[in-house]
Structure formats: C-alpha cells, structure tokens
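Report on the structure
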Amino acid sequence: MTKKDIDIAFNKAFDKASTEEQSLVPPDLQLHLYAYYKRAIDEPYVNNRSFESNDLRSAFKMNALIQVQSLTKTEAKRKYIEIIEKLYPKPW
C-alpha cells in the first residue's frame with residue numbers, strides 16, 4: 001500500500017468511525033483509536049488543563065498517547081484503519 005493509499009483508507013476509516021455511535025465502542029478501543037488518530041495527524045493532546053486537574057479521563061488519554069509516541073504517523077494510520085475495519089466490517 002502506498003502512502004497515498006494509506007491516507008485515503010485512513011480518511012475513509014475516520015469518516016466511517018465519525019458516523020457510528022461512539023458509546024457502542026468499548027472504552028479501551030476508544031482510547032486506542034484516540035491515540036492512533038492523534039499520532040496519525042501529529043496532534044498531541046497536551047494542554048495546561050490536563051495537568052492542572054485530577055481529571056481521570058485526561059490521564060487515560062495522556063497515557064494512551066505516551067504509549068503510541070514511538071509509532072510513525074503511517075503506523076498509527078494503519079493501526080487505526082485495522083481497528084475500524086474490525087469494528088465495522090466492509091463494505092462501507
């Protein structure tokens with residue numbers, strides 16, 4: 001798969017995920033998807049509020065991001081696509 005193919009598949013997977021009910025996805029997969037997405041678009045989740053509060057949700061998000069920081073953007077896209085395709089079998 002070329003970089004362009006991966007980018008197209010990633011965008012389609014994101015579009016599919018965006019149209020589905022998030023609450024039906026197990027929380028652990030939501031965190032993986034979140035971290036892979038943020039890594040794929042190179043947008044880390046870091047803001048002052050996440051460090052100043054005792055927000056457990058922010059802590060889980062930060063932990064998920066730390067776990068994927070060594071992945072390349074392409075690897076993160078592939079993993080994101082893989083999860084979406086398992087959650088929502090094609091065709092879509």
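Data block above holds the structure.
Residues numbered from 1 in each chain as written. Predicted model: local features only at pLDDT ≥ 70, side-chain atom pairs only at ≥ 80, totals over all residues. Heavy atoms only, no water.

1. Considerations on the nonpolar core
Among the nonpolar cores identified, the biggest contains 20 residues, and Leu33, Tyr36, Tyr80, Ile81 and Ile84 are the most heavily contacted of them. Contributing elements (two or more residues each) for this core: helix H1 (3–19), helix H2 (27–40), helix H4 (56–68) and helix H5 (73–87). Not counting chain neighbours up to four residues away, the residues in contact with Ile84 comprise Ala13, Lys16, Ala17, Leu33 and Trp92. (Core = buried A, V, L, I, M, F, W, Y, C linked by side-chain atoms within 4.5 Å. Buried < 20%, exposed > 50% of the residue type's maximum accessible area, 1.4 Å probe, protein only. Helix = DSSP H or I, 4+ residues; strand = E, 2+ residues; numbered from the N terminus. Contact = heavy atoms within 4.5 Å.)

2. Describing the pattern of salt bridges
Per the counting criterion, the structure on display carries 7 salt bridges. One salt bridge in this structure joins Asp7 and Lys77, with 2.5 Å as the shortest N-O distance. In this pair, Asp7 sits in helix H1 while Lys77 sits in helix H5, placing the two residues 70 residues apart along the sequence. With a closest N to O distance of 3.1 Å, Arg39 and Asp42 form a salt bridge. With relative accessibility at 47%, the residue Asp42 sits in the partly exposed group. Connected via shared salt-bridge partners are Lys3, Asp7 and Lys77. (Salt bridge = Lys/Arg side-chain N within 4 Å of Asp/Glu carboxyl O.)

3. Digging into the packing of aromatic side chains
In the structure shown here, the tally under the stated rule is 4 aromatic pairs. Considering the side-chain rings of Phe14 and Tyr37, the 4.8 Å spacing of their centres and the 20° angle between planes classify their relative orientation as stacked. With a gap of 23 residues between them, Phe14 in helix H1 and Tyr37 in helix H2 connect regions that are remote in the sequence. Site record: aromatic cluster; members linked through ring pairs are Phe10, Phe14, Tyr37 and Tyr80. The ring of Tyr34 has Lys61 sitting right over it, with the charged end atom 4.9 Å from the ring centre. One Lys or Arg, Lys77, reaches over the ring of Phe10 and ends 5.7 Å from the middle of that ring. (Phe/Tyr/Trp six-rings, centres within 6.5 Å; stacked < 30°, edge-to-face > 60°. Lys NZ or Arg CZ within 6 Å of the ring centre and 35° of its normal.)

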